[in-house]
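The primary structure of each chain is shown beneath.
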Amino acid sequence: RRFAPTGMAQMAMPVNVAIGADGTRYVADSGRSRVLCYGPDDAFLGELGGEDGARVTSVAWSHDRLYVTDINGHCVRVYEAASRRLVQTIPRDPAALTDKDPAKLFVPVNLAVDGAGRLYVSDLAACRVQVYDADGRHLRTIGSQGDYPGQFARPKGVAVDREGRLYV
């Protein structure tokens, strides 16, 4: 079936979607720079994002948390799903990081969460995937710029399957 809400619920440029355990759909809309929230019955529940000129490109849901990329803020914003309240950013203080800091995000474009709650962030400009724990602590970096195995050229999509395999 086709889903095409109108009015305040209308999408401008939907680029990603996450679905909560209760069937709520969270649509990352880069045209509105917001995440639009729709109930299982298609009812418009509201929106989140857009703080400080944020530019939204991806959304992921895990354990009542919503993770939303913000290209302009060089971070992932973490919201409480039920209240849609911002609870933290990953990294915690993106402006305080230098370009050499391993936790730094330059252009975070896509997200995935594995079964253990680890967050994977594809960073288009840094040509790598950053991995954070559920509390936002940087765990490791995967890949670097290049065209050899283990290297990336502007990685966009990222996904983790049930077996824990990472796809970029």
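Read on for an overview of the structure. (Residues numbered from 1 in each chain as written. Predicted model: local features only at pLDDT ≥ 70, side-chain atom pairs only at ≥ 80, totals over all residues. Heavy atoms only, no water.)

**With respect to the environment of D64**
Point 1. Mapped onto the elements, D64 comes out in the loop between β5 (59-62) and β6 (65-70).
Point 2. Between the C-alpha atom of D64 and that of E80, which follows or precedes it by 16 residues, the distance is 6.3 Å.
Point 3. Ignoring any residue separated from it by four or fewer positions in sequence, one finds D64 in contact with Y79, E80 and A81. (Helix = DSSP H or I, 4+ residues; strand = E, 2+ residues; numbered from the N terminus. Contact = heavy atoms within 4.5 Å.)

**Details of the sheet that holds β5**
Point 1. With respect to topology, 4 strands assemble into an open sheet ordered β5-β6-β7-β8, the strand pairing being antiparallel. Looking at the sheet topology across the chains shown, the edges are occupied by β5 and β8 (85-90). Direction aside, neighbouring strands of the sheet carry axes that sit 25° apart on average.
Point 2. Examined bridge by bridge, β5 and β6 share 4 bridges and lie antiparallel to one another. By the bridge assignment, A60 is partnered in β6 with Y67. (Pairing = 2+ DSSP bridges. Axes fitted to C-alpha atoms, helices over the stretch in contact; angles between N-to-C directions.)

**Structural notes on the packing of aromatic side chains**
Point 1. By the definition in use, this model includes 2 aromatic pairs.
Point 2. Centroid distance F3 to Y38: 4.9 Å. Interplanar angle 85°. Geometry classified as edge-to-face. With F3 in the segment before β1 (14-19) and Y38 in strand β3 (residues 34-38), the pair connects residues that are 35 residues apart, well separated along the chain.
Point 3. We classify F3 as partly exposed; its relative accessible area is 25%.
Point 4. Measuring from ring centre to ring centre gives 5.7 Å for Y38 and F44, while their planes differ by 50°; the resulting arrangement is tilted.
Point 5. When its relative accessible area of 0% is taken as the criterion, Y38 is described as buried.
Point 6. For F44, a relative accessible area of 30% gives the class partly exposed.
Point 7. In textbook terms, an aromatic cluster arises when at least three aromatic residues are bridged by ring pairs, as seen for F3, Y38 and F44.
Point 8. A cation over an aromatic ring shows up here: R25 above the ring of F3, its NZ or CZ 4.5 Å from the ring centre.
Point 9. Here the basic side chain of K104 rests over the ring of F106, its NZ or CZ set 5.4 Å away from the ring centre. (Phe/Tyr/Trp six-rings, centres within 6.5 Å; stacked < 30°, edge-to-face > 60°. Buried < 20%, exposed > 50% of the residue type's maximum accessible area, 1.4 Å probe, protein only. Lys NZ or Arg CZ within 6 Å of the ring centre and 35° of its normal.)

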